[in-house]
Amino acid sequence: MKSIIVKDITKSFGSKRALDHVSLEIRGTFGLLGPNGAGKTTLMKLLATLDIPDSGIIRIDEDDLSWNEPSEVRERLGYLPQHFSIYRSLKVEEVMNHFAILKGIRGKKVRSEAINSILQSVNLSEQKTKKVKNLSGGMLRRLGIAQALLGNPQIIIVDEPTAGLDIEERVRFCRLLRKIGENRIIIISTHIVEDLESTCDHIAIMKEGKILQTGTRNKLAEMTKGLVFEMDVPFDSPIPIKEEDIISIKQLNNRYLVRFFSEASINNARTVDTCLEDTYLYITKRNLTHV
Ligand SMILES: Nc1ncnc2c1ncn2[C@@H]1O[C@H](COP(=O)(O)OP(=O)(O)OP(=O)(O)O)[C@@H](O)[C@H]1O
């Protein structure tokens, strides 16, 4: 499967337009990045066939499969929703068996083999007989992705995958997503730029229902080349940069290190290598579709 084509999708809830003429080509490991309310979950739900758009189409490019045939799409789809919850007193293996039956995986032995292999791939084999209520946040997310992998779907959709995880669990979960995305399309939505730096090659930045920018991670990172500076400021001096241009302020031993945007070079400031977060902040703060 090469890519999923999203063409001119619009979706409103009453007078609120959650998606406004969204068009995308989704391929490989694909990240949807945007602030709260951007429309990410709405788009993920449409992609997961849990809702239908007011207008526009979604289809797979090569074999002409359209989202107008949801049951066929679902056979190729695994979905980890933003709020994944299951019966807390079930054991991990029982949860997996339940989802495997729902996915139509027939035969006890076949199911058991599939479940064992997936639990191993997400590093949950040791927790197989543990109850859901005794899992850590990271383990619960890994169980969520494990159920999404049942049936070996070609498309995996993961909404806000690292919400509520501590740093260590987040890094481990992102590494797992990267591995899962090696031979299928994986779509990850998040407002945390770091999650995508390690997982996604292709990224779309959205805000207020619109796609502001798409491109490879590297291409997006380079967009702000020449526009990002760093400056040392002593503790007792005011920071001479406008609030809206500041990217970050780090407190070092004896000074602040201020990272900021500027269209022209500034005394005592040096240009620095840019990253995806710079571009994300630059275009979302300014609502830009071009840098
Ligand atoms: N069922 C609904 N009824 C009314 N408004 C909705 C509904 N679902 C989403 N919205 C609105 O649509 C907009 C987009 O919401 P959505 O949840 O898709 O954004 P998001 O990017 O996923 O944000 P978050 O990161 O906060 O989940 C928001 O303004 C939201 O309030």
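Per an unreviewed UniProt entry, the recorded name for the chain is ABC transporter ATP-binding protein, and the organism is Lysinibacillus halotolerans. UniProt annotates the chain under Sequence similarities (unreviewed entry) with the comment "Belongs to the ABC transporter superfamily."

Turning next to the overall build of the chain. Assigned secondary structure in the chain consists of 9 helices and 13 strands. Considering the chain as a whole, with its 291 residues, one finds that 38% of them fall into the buried category. Long-range pairs, those at least 24 residues apart, make up 67% of the contacts in the chain with a sequence separation of at least 6.

Another point: the site of the ligand. Taken together, Phe13, Lys16, Ala18, Gly34, Asn36, Gly37, Ala38, Gly39, Lys40, Thr41, Thr42 and His191 form the complete shell of residues around the ligand. No other element matches the 3 residues that helix α1 (residues 40–47) contributes to the shell around the ligand. Taken together, the residues of the shell around the ligand break down into 3 nonpolar, 7 polar and 2 charged.

We note that the domain assignment places domain 1 (3–220) and domain 2 (226–273) within the chain. Distance between the C-alpha centres of domain 1 and domain 2: 38 Å.

Structurally, Ile26 is set in strand β2 (residues 16–26). Sequence separation between Ile26 and Ala221 is 195 residues, and the spatial gap between their C-alpha atoms is 19 Å. If we skip the residues at most four places from it in the chain, Ile26 touches Ser3, Ile4, Val6, Ile185 and Ile187.

A word on the environment of Lys219. With respect to the element layout, Lys219 can be found in helix α8 (residues 217–222). Judged by the 14 C-beta atoms lying within 10 Å of it, Lys219 falls in the partly exposed class. Along the primary structure Lys219 and Cys275 are separated by 56 residues, whereas in three dimensions their C-alpha atoms are 9.8 Å apart.

Backbone geometry places Asn152, a non-glycine residue, at a positive phi of 50°. By the secondary structure assignment, Asn152 is in the loop between α5 (137–149) and β6 (155–159).

Before going further, it helps to spend a moment on the sheet that holds strand β11 (residues 246–251). Pairing in this open sheet of 4 strands is antiparallel, and the strands run β11-β12-β10-β13 from one edge to the other. With partners counted over all chains shown, the strands left at the sheet margins are β11 and β13 (269–271), one partner each. Within this sheet the neighbouring strands show an average axis-to-axis angle of 20°, counted without direction. Bridge count between strand β10 (residues 228–234) and strand β12 (residues 255–261): 7 bridges; the pairing is antiparallel. Within β12, the position partnered with Glu230 by the bridge is Arg259.

Taking burial as the measure, the 5 residues of β6 include 5 buried ones, the bulk of the element. Neither face of β6 is exposed, since Ile155, Ile157 and Asp159 on one face and Ile156 and Val158 on the opposite face are all buried. Sheet topology note: the strand β5 (residues 77–80)/β6 ladder contains 4 bridges and is parallel. The residue bridging Leu80 from the neighbouring strand is Val158, located in β6. When β6 meets strand β7 (residues 185–190), the two strands line up parallel, connected through 5 bridges. Following the sheet pairing, Ile156 is matched in β7 by Ile186. For the crossover from β6 across helix α6 (residues 167–180) to β7, the handedness is right-handed.

To continue, consider the nonpolar core. Ile145, Ala146, Ile157, Ile186 and Ile187 are the most contacted members of the largest nonpolar core, which has 75 residues in total. With 6 residues, the top contributor of residues to this core is α5. Both domains that furnish three or more residues to this core are identified here as domain 1 (3–220) and domain 2 (226–273). Setting aside anything within four residues of it in sequence, one finds Ile157 in contact with Met44, Leu47, Ala48, Leu77, Tyr79 and Ile187.

Let us look at the pairing of strand β8 (residues 202–207). β8 sits mainly inside the fold: 6 of its 6 residues count as buried. Alternating residues of β8 divide into His202, Ala204 and Met206 and Ile203, Ile205 and Lys207, and every residue in both groups is buried. Between β8 and strand β9 (residues 210–216), which pair antiparallel one after the other, the connecting turn spans 2 residues, and Glu208 there sits at a positive phi close to 45°.

For Lys11, the position within the fold is in strand β1 (residues 4–13). Along the sequence, Lys11 and Gly56 sit 45 residues apart, while their C-alpha atoms lie 9.1 Å from each other. Each residue touching Lys11, except ones within four places of it in the same chain, is listed here: Ala18, Leu19, Thr42, Leu46, Pro53 and Asp54.

Cut-offs applied
Residues numbered from 1 in each chain as written. Predicted model: local features only at pLDDT ≥ 70, side-chain atom pairs only at ≥ 80, totals over all residues. UniProt positions renumbered as here; feature names shortened; annotations may be inferred. Helix = DSSP H or I, 4+ residues; strand = E, 2+ residues; numbered from the N terminus. Buried ≥ 20, exposed ≤ 12 C-beta atoms within 10 Å, placed from the backbone. Contact = placed C-beta atoms within 7 Å. Near = placed C-beta within 6 Å. Nonpolar A, V, L, I, M, F, W, Y, C, P; charged D, E, K, R; others polar. Domains from an automatic or database assignment. Pairing = 2+ DSSP bridges. Axes fitted to C-alpha atoms, helices over the stretch in contact; angles between N-to-C directions. Right-handed = clockwise from strand over helix to strand, strands pointing away. Core = buried A, V, L, I, M, F, W, Y, C linked by C-beta atoms within 7 Å.

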